[in-house]
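Residues per chain, in single letters:
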Amino acid sequence: MSFLSVKQLKTEQIEKLFQTASFFKTKEVKPKLDDKIVSLIFFEPSTRTRMSFEVAALRLGAKTHLLNNKLGTSLEKDETLEDTVKNIAAMRPDLLVVRCNDDLDLAQMSKEVDVPILNAGWGTQGHPTQALLDILTVKEQQRELNKEKILFVGDVKHSRVVSSHLELAPLLGYQIGFCGPEEMLIDRPGVQKFNQLSEGLKWATTVYSLRVQFERYSQKEKENQQLTTANFISHFQLNSQSLSSWSKEGLILHPGPVNYGVELASEIIKDSRNLILTQVEHGVLVRMALIYHFLKEQL
Ligand code: CP
(Lines give C-alpha, C1' and ligand atoms only; values in the text may rest on other atoms or scores of the structure.)
Protein backbone atom coordinates (compact mmCIF):
# COMPACT_ATOMS: atom_id res chain seq x y z
CA MET A 1 0.00 0.00 0.00
CA SER A 2 1.15 3.52 -0.77
CA PHE A 3 0.64 6.70 1.23
CA LEU A 4 -0.73 9.44 -1.00
CA SER A 5 -3.23 11.23 1.22
CA VAL A 6 -4.00 11.70 4.91
CA LYS A 7 -7.55 10.52 4.09
CA GLN A 8 -6.10 6.99 4.02
CA LEU A 9 -5.40 7.18 7.76
CA LYS A 10 -7.78 6.73 10.65
CA THR A 11 -7.52 9.14 13.59
CA GLU A 12 -6.01 6.38 15.78
CA GLN A 13 -3.32 5.73 13.16
CA ILE A 14 -2.42 9.42 13.05
CA GLU A 15 -2.17 9.47 16.85
CA LYS A 16 0.08 6.40 16.72
CA LEU A 17 2.24 8.05 14.05
CA PHE A 18 2.61 11.12 16.29
CA GLN A 19 3.50 8.89 19.26
CA THR A 20 6.22 7.21 17.23
CA ALA A 21 7.51 10.60 16.03
CA SER A 22 7.60 11.90 19.61
CA PHE A 23 9.36 8.70 20.72
CA PHE A 24 12.04 9.33 18.09
CA LYS A 25 12.43 12.87 19.46
CA THR A 26 13.24 11.78 22.97
CA LYS A 27 14.82 8.35 22.68
CA GLU A 28 18.04 7.29 21.07
CA VAL A 29 17.18 5.51 17.83
CA LYS A 30 18.84 2.20 17.10
CA PRO A 31 19.20 1.65 13.35
CA LYS A 32 16.43 -0.81 12.54
CA LEU A 33 16.21 -0.71 8.78
CA ASP A 34 19.77 -1.37 7.66
CA ASP A 35 18.59 -3.91 5.08
CA LYS A 36 16.27 -1.40 3.38
CA ILE A 37 16.71 0.98 0.44
CA VAL A 38 14.63 4.12 0.00
CA SER A 39 14.50 5.73 -3.47
CA LEU A 40 14.08 9.49 -3.38
CA ILE A 41 12.54 10.61 -6.68
CA PHE A 42 12.21 14.38 -6.86
CA PHE A 43 10.90 15.73 -10.17
CA GLU A 44 10.36 19.16 -8.56
CA PRO A 45 12.75 21.27 -6.47
CA SER A 46 12.83 20.64 -2.73
CA THR A 47 15.10 21.33 0.21
CA ARG A 48 13.16 20.43 3.35
CA THR A 49 11.19 17.42 2.17
CA ARG A 50 13.99 15.77 0.25
CA MET A 51 16.71 16.32 2.84
CA SER A 52 14.45 15.40 5.75
CA PHE A 53 13.20 12.19 4.13
CA GLU A 54 16.88 11.35 3.58
CA VAL A 55 17.89 12.19 7.16
CA ALA A 56 14.87 10.20 8.40
CA ALA A 57 15.84 7.13 6.37
CA LEU A 58 19.52 7.39 7.38
CA ARG A 59 18.66 7.79 11.07
CA LEU A 60 16.75 4.52 10.83
CA GLY A 61 19.72 2.83 9.19
CA ALA A 62 18.18 2.59 5.71
CA LYS A 63 20.16 3.48 2.60
CA THR A 64 18.96 6.08 0.13
CA HIS A 65 19.56 6.95 -3.48
CA LEU A 66 18.34 10.00 -5.30
CA LEU A 67 16.93 11.17 -8.60
CA ASN A 68 17.06 14.93 -8.32
CA ASN A 69 15.26 16.71 -11.15
CA LYS A 70 15.91 16.32 -14.82
CA LEU A 71 19.59 17.19 -15.19
CA GLY A 72 21.79 14.17 -15.75
CA THR A 73 18.91 11.71 -16.04
CA SER A 74 17.19 10.19 -19.06
CA LEU A 75 14.37 12.69 -18.60
CA GLU A 76 16.75 14.86 -20.65
CA LYS A 77 16.29 12.28 -23.42
CA ASP A 78 12.50 12.62 -23.16
CA GLU A 79 11.88 9.56 -21.03
CA THR A 80 8.51 10.06 -19.36
CA LEU A 81 7.93 10.57 -15.64
CA GLU A 82 5.86 7.35 -15.59
CA ASP A 83 8.62 5.29 -17.19
CA THR A 84 11.19 6.81 -14.87
CA VAL A 85 9.21 5.72 -11.78
CA LYS A 86 8.54 2.26 -13.23
CA ASN A 87 12.23 1.73 -14.01
CA ILE A 88 13.35 2.76 -10.54
CA ALA A 89 10.66 0.50 -9.02
CA ALA A 90 12.03 -2.36 -11.16
CA MET A 91 15.35 -1.98 -9.27
CA ARG A 92 13.40 -3.27 -6.22
CA PRO A 93 14.02 -0.64 -3.59
CA ASP A 94 11.78 -0.95 -0.53
CA LEU A 95 10.10 2.47 -0.77
CA LEU A 96 9.67 5.20 -3.37
CA VAL A 97 9.42 8.75 -2.03
CA VAL A 98 8.09 10.87 -4.89
CA ARG A 99 7.66 14.59 -5.45
CA CYS A 100 6.03 15.60 -8.73
CA ASN A 101 3.63 18.03 -10.33
CA ASP A 102 0.07 17.25 -11.44
CA ASP A 103 1.37 15.78 -14.74
CA LEU A 104 2.14 12.51 -12.97
CA ASP A 105 -0.82 10.53 -11.64
CA LEU A 106 0.65 9.13 -8.45
CA ALA A 107 -2.56 7.22 -7.66
CA GLN A 108 -2.31 5.43 -11.00
CA MET A 109 1.44 4.84 -10.52
CA SER A 110 0.80 3.24 -7.15
CA LYS A 111 -1.36 0.65 -8.94
CA GLU A 112 1.25 0.00 -11.61
CA VAL A 113 4.34 -0.55 -9.45
CA ASP A 114 4.64 -2.98 -6.57
CA VAL A 115 6.87 -0.79 -4.40
CA PRO A 116 4.96 1.48 -1.95
CA ILE A 117 4.99 5.17 -2.86
CA LEU A 118 5.09 7.95 -0.26
CA ASN A 119 3.74 11.29 -1.46
CA ALA A 120 6.44 13.95 -0.88
CA GLY A 121 4.36 16.75 -2.47
CA TRP A 122 2.15 16.01 -5.47
CA GLY A 123 1.16 19.01 -7.61
CA THR A 124 -1.75 20.77 -5.97
CA GLN A 125 -3.20 17.41 -4.82
CA GLY A 126 -1.53 17.18 -1.45
CA HIS A 127 1.52 17.20 0.77
CA PRO A 128 0.43 14.89 3.58
CA THR A 129 3.70 14.68 5.52
CA GLN A 130 3.80 18.49 5.65
CA ALA A 131 0.30 18.68 7.14
CA LEU A 132 1.21 15.98 9.68
CA LEU A 133 4.42 17.71 10.76
CA ASP A 134 2.55 21.02 11.06
CA ILE A 135 0.04 19.50 13.43
CA LEU A 136 2.69 17.69 15.44
CA THR A 137 4.31 21.12 15.87
CA VAL A 138 1.05 22.63 17.14
CA LYS A 139 0.39 19.66 19.47
CA GLU A 140 3.88 19.86 20.95
CA GLN A 141 2.98 23.39 22.11
CA GLN A 142 0.49 21.70 24.47
CA ARG A 143 -2.48 22.91 22.42
CA GLU A 144 -5.85 21.19 22.24
CA LEU A 145 -6.53 20.66 18.56
CA ASN A 146 -10.30 21.04 18.93
CA LYS A 147 -9.69 24.62 20.07
CA GLU A 148 -7.26 25.46 17.26
CA LYS A 149 -8.23 27.84 14.45
CA ILE A 150 -5.55 27.80 11.76
CA LEU A 151 -5.63 30.74 9.35
CA PHE A 152 -3.90 30.13 6.01
CA VAL A 153 -2.74 33.49 4.65
CA GLY A 154 -1.74 33.91 1.01
CA ASP A 155 -1.87 31.67 -2.01
CA VAL A 156 -4.40 29.11 -0.84
CA LYS A 157 -5.48 28.30 -4.41
CA HIS A 158 -2.17 26.75 -5.44
CA SER A 159 -1.29 25.17 -2.11
CA ARG A 160 -1.01 21.40 -1.79
CA VAL A 161 -0.37 21.91 1.91
CA VAL A 162 -3.86 23.37 2.23
CA SER A 163 -5.29 20.39 0.30
CA SER A 164 -3.83 18.03 2.90
CA HIS A 165 -4.99 20.16 5.84
CA LEU A 166 -8.53 20.14 4.44
CA GLU A 167 -8.36 16.35 4.74
CA LEU A 168 -6.61 16.28 8.11
CA ALA A 169 -8.68 18.91 9.97
CA PRO A 170 -11.93 16.88 10.14
CA LEU A 171 -9.97 13.87 11.44
CA LEU A 172 -8.30 15.82 14.26
CA GLY A 173 -10.91 18.48 15.02
CA TYR A 174 -9.15 21.76 14.26
CA GLN A 175 -10.75 24.56 12.24
CA ILE A 176 -9.40 26.14 9.07
CA GLY A 177 -9.76 29.69 7.74
CA PHE A 178 -8.46 31.27 4.53
CA CYS A 179 -7.18 34.83 4.18
CA GLY A 180 -5.94 36.66 1.10
CA PRO A 181 -7.09 38.44 -2.02
CA GLU A 182 -10.21 36.71 -3.38
CA GLU A 183 -8.26 35.56 -6.47
CA MET A 184 -5.97 33.46 -4.27
CA LEU A 185 -8.72 31.81 -2.24
CA ILE A 186 -11.02 28.85 -2.79
CA ASP A 187 -14.44 27.98 -1.38
CA ARG A 188 -14.71 24.96 0.86
CA PRO A 189 -17.64 23.98 3.08
CA GLY A 190 -17.09 24.96 6.71
CA VAL A 191 -14.06 27.13 5.93
CA GLN A 192 -14.27 30.82 6.85
CA LYS A 193 -12.79 33.28 4.36
CA PHE A 194 -11.31 36.66 5.21
CA ASN A 195 -10.28 39.29 2.68
CA GLN A 196 -8.79 41.45 5.43
CA LEU A 197 -5.82 40.25 7.42
CA SER A 198 -6.90 42.09 10.58
CA GLU A 199 -10.26 40.26 10.56
CA GLY A 200 -8.61 36.90 9.97
CA LEU A 201 -6.17 37.45 12.82
CA LYS A 202 -9.03 38.23 15.24
CA TRP A 203 -10.37 34.74 14.47
CA ALA A 204 -7.08 32.78 14.39
CA THR A 205 -5.11 30.96 17.10
CA THR A 206 -2.41 29.95 14.59
CA VAL A 207 -1.43 31.82 11.46
CA TYR A 208 -0.02 29.77 8.59
CA SER A 209 1.74 31.90 5.98
CA LEU A 210 1.91 30.63 2.39
CA ARG A 211 4.31 31.54 -0.41
CA VAL A 212 2.77 32.99 -3.56
CA GLN A 213 3.49 30.16 -6.00
CA PHE A 214 3.91 32.23 -9.16
CA GLU A 215 5.42 29.16 -10.91
CA ARG A 216 1.97 27.53 -10.84
CA TYR A 217 0.11 30.57 -12.27
CA SER A 218 -1.42 30.51 -15.74
CA GLN A 219 -0.59 33.38 -18.12
CA LYS A 220 -4.07 34.83 -17.48
CA GLU A 221 -3.55 34.72 -13.73
CA LYS A 222 -0.14 36.41 -14.11
CA GLU A 223 -1.74 39.26 -16.08
CA ASN A 224 -4.24 39.98 -13.29
CA GLN A 225 -3.17 43.35 -11.87
CA GLN A 226 -4.77 42.54 -8.50
CA LEU A 227 -2.18 39.83 -7.98
CA THR A 228 0.91 42.02 -8.05
CA THR A 229 3.51 41.34 -5.39
CA ALA A 230 3.31 44.94 -4.14
CA ASN A 231 -0.44 44.67 -3.69
CA PHE A 232 -0.10 41.40 -1.83
CA ILE A 233 2.61 42.77 0.47
CA SER A 234 0.67 45.87 1.41
CA HIS A 235 -2.45 43.93 2.43
CA PHE A 236 -1.38 40.46 3.51
CA GLN A 237 2.29 40.41 4.54
CA LEU A 238 2.85 39.14 8.08
CA ASN A 239 5.17 41.67 9.68
CA SER A 240 5.73 43.30 13.06
CA GLN A 241 3.05 45.86 12.30
CA SER A 242 0.31 43.49 11.10
CA LEU A 243 1.03 41.09 13.98
CA SER A 244 1.60 43.74 16.67
CA SER A 245 -1.81 43.41 18.30
CA TRP A 246 -2.20 39.68 17.66
CA SER A 247 -2.28 37.22 20.57
CA LYS A 248 1.05 36.60 22.31
CA GLU A 249 0.01 32.92 22.47
CA GLY A 250 -0.48 32.76 18.71
CA LEU A 251 1.70 30.43 16.63
CA ILE A 252 3.29 31.35 13.30
CA LEU A 253 3.86 28.56 10.78
CA HIS A 254 5.10 28.40 7.20
CA PRO A 255 5.88 25.27 5.15
CA GLY A 256 8.95 26.83 3.50
CA PRO A 257 10.53 27.97 1.34
CA VAL A 258 9.88 31.47 2.70
CA ASN A 259 10.19 34.46 0.40
CA TYR A 260 11.21 36.97 3.07
CA GLY A 261 9.99 40.43 2.15
CA VAL A 262 6.90 39.03 0.41
CA GLU A 263 4.57 36.90 2.55
CA LEU A 264 6.71 37.31 5.70
CA ALA A 265 8.88 40.23 6.75
CA SER A 266 12.36 39.22 7.87
CA GLU A 267 11.78 40.63 11.39
CA ILE A 268 9.38 37.69 11.95
CA ILE A 269 12.43 35.37 12.14
CA LYS A 270 12.97 36.70 15.68
CA ASP A 271 9.30 36.69 16.71
CA SER A 272 8.90 34.32 19.69
CA ARG A 273 5.72 32.92 18.11
CA ASN A 274 7.61 31.76 15.00
CA LEU A 275 7.89 27.94 14.84
CA ILE A 276 9.13 27.57 11.27
CA LEU A 277 12.37 25.78 12.14
CA THR A 278 10.55 23.63 14.69
CA GLN A 279 8.34 22.49 11.82
CA VAL A 280 11.48 21.44 9.95
CA GLU A 281 12.71 19.48 13.00
CA HIS A 282 9.36 17.72 13.21
CA GLY A 283 9.54 16.98 9.48
CA VAL A 284 12.37 14.54 10.15
CA LEU A 285 10.49 12.90 13.04
CA VAL A 286 7.20 12.48 11.15
CA ARG A 287 9.03 11.05 8.13
CA MET A 288 11.02 8.70 10.36
CA ALA A 289 7.77 7.50 11.90
CA LEU A 290 6.16 7.03 8.50
CA ILE A 291 9.13 5.12 7.04
CA TYR A 292 9.33 3.00 10.21
CA HIS A 293 5.64 2.10 10.07
CA PHE A 294 5.86 1.32 6.37
CA LEU A 295 8.93 -0.86 6.56
CA LYS A 296 8.93 -2.39 10.04
CA GLU A 297 5.72 -2.29 12.05
CA GLN A 298 2.35 -1.55 10.47
CA LEU A 299 0.37 1.38 11.85
N1 CP B 1 7.77 22.43 2.72
C2 CP B 1 8.35 21.95 1.61
O3 CP B 1 7.78 21.09 0.93
O4 CP B 1 9.58 22.48 1.34
P5 CP B 1 10.51 21.99 0.16
O6 CP B 1 9.82 22.36 -1.14
O7 CP B 1 11.82 22.67 0.34
O8 CP B 1 10.61 20.49 0.26
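Since we're looking at a predicted model, the values are computed, not measured.

Peer 1: Please explain a negative patch on the surface as it appears in this structure.
Peer 2: On the surface, a cluster of negative charge is contributed by E82, D83, D102, D103 and D105. The residue E82 is located in helix α3 (residues 81-89) in this model. Overall, E82 belongs to the partly exposed group, its relative accessible area being 31%.

Peer 1: Quick question: what am I supposed to make of the nonpolar core here?
Peer 2: One recurring pattern in soluble globular proteins: nonpolar side chains tend to sit buried together. Among the nonpolar cores identified, the biggest contains 57 residues, and L132, F152, L168, F178 and I291 are the most heavily contacted of them. If you tally residues by element for this core, the top one is helix α10 (residues 276-295), at 9 residues. With 23 residues, the next largest nonpolar core counts L151, W246, V258 and I276 among its residues.

Peer 1: Whenever I open this one, the packing of aromatic side chains confuses me. Can you help?
Peer 2: Here a ring pair, both rings aromatic, is described through the centre-centre distance and the interplanar angle of the planes. Taken as a whole, this structure holds 5 aromatic pairs when the rule is applied. Consider the rings of F152 and Y208, whose centres lie 4.7 Å apart with planes at 35°: the pair is tilted. Here F152 is found in strand β5 (residues 149-153), whereas its partner Y208 is found in strand β8 (residues 206-209), with 56 residues between them in sequence. Residues F152 and Y208 agree in their burial class; the two are buried. For the ring pair F194 and W203, a centre distance of 5.7 Å and an interplane angle of 45° mean the geometry is tilted. Site record: aromatic cluster; members linked through ring pairs are F23, F24 and Y292.

Peer 1: I'm lost on the environment of K248 in this one. Help?
Peer 2: Along the chain, the position of K248 falls in the loop between α9 (229-236) and β9 (251-253). In the structure, K248 is positioned 27 residues away from E221 in sequence and 36 Å away in space, judged by C-alpha atoms.

What counts and what doesn't
- Residues numbered from 1 in each chain as written.
- Predicted model: local features only at pLDDT ≥ 70, side-chain atom pairs only at ≥ 80, totals over all residues.
- Heavy atoms only, no water.
- Patch = residues over 30% accessible without salt bridge, like charges linked within 9 Å, V, L, I, M, F, W, Y side chains within 5 Å.
- Areas by Shrake-Rupley, 256 points an atom, 1.4 Å probe, with all protein chains shown as cover.
- Salt bridge = Lys/Arg side-chain N within 4 Å of Asp/Glu carboxyl O.
- Lys, Arg positive; Asp, Glu negative; His and termini not counted.
- Charge placed at Lys NZ, Arg CZ, Asp CG, Glu CD.
- Helix = DSSP H or I, 4+ residues; strand = E, 2+ residues; numbered from the N terminus.
- Buried < 20%, exposed > 50% of the residue type's maximum accessible area, 1.4 Å probe, protein only.
- Core = buried A, V, L, I, M, F, W, Y, C linked by side-chain atoms within 4.5 Å.
- Phe/Tyr/Trp six-rings, centres within 6.5 Å; stacked < 30°, edge-to-face > 60°.

From the geometry alone we can't say anything about function, so treat these as descriptive.
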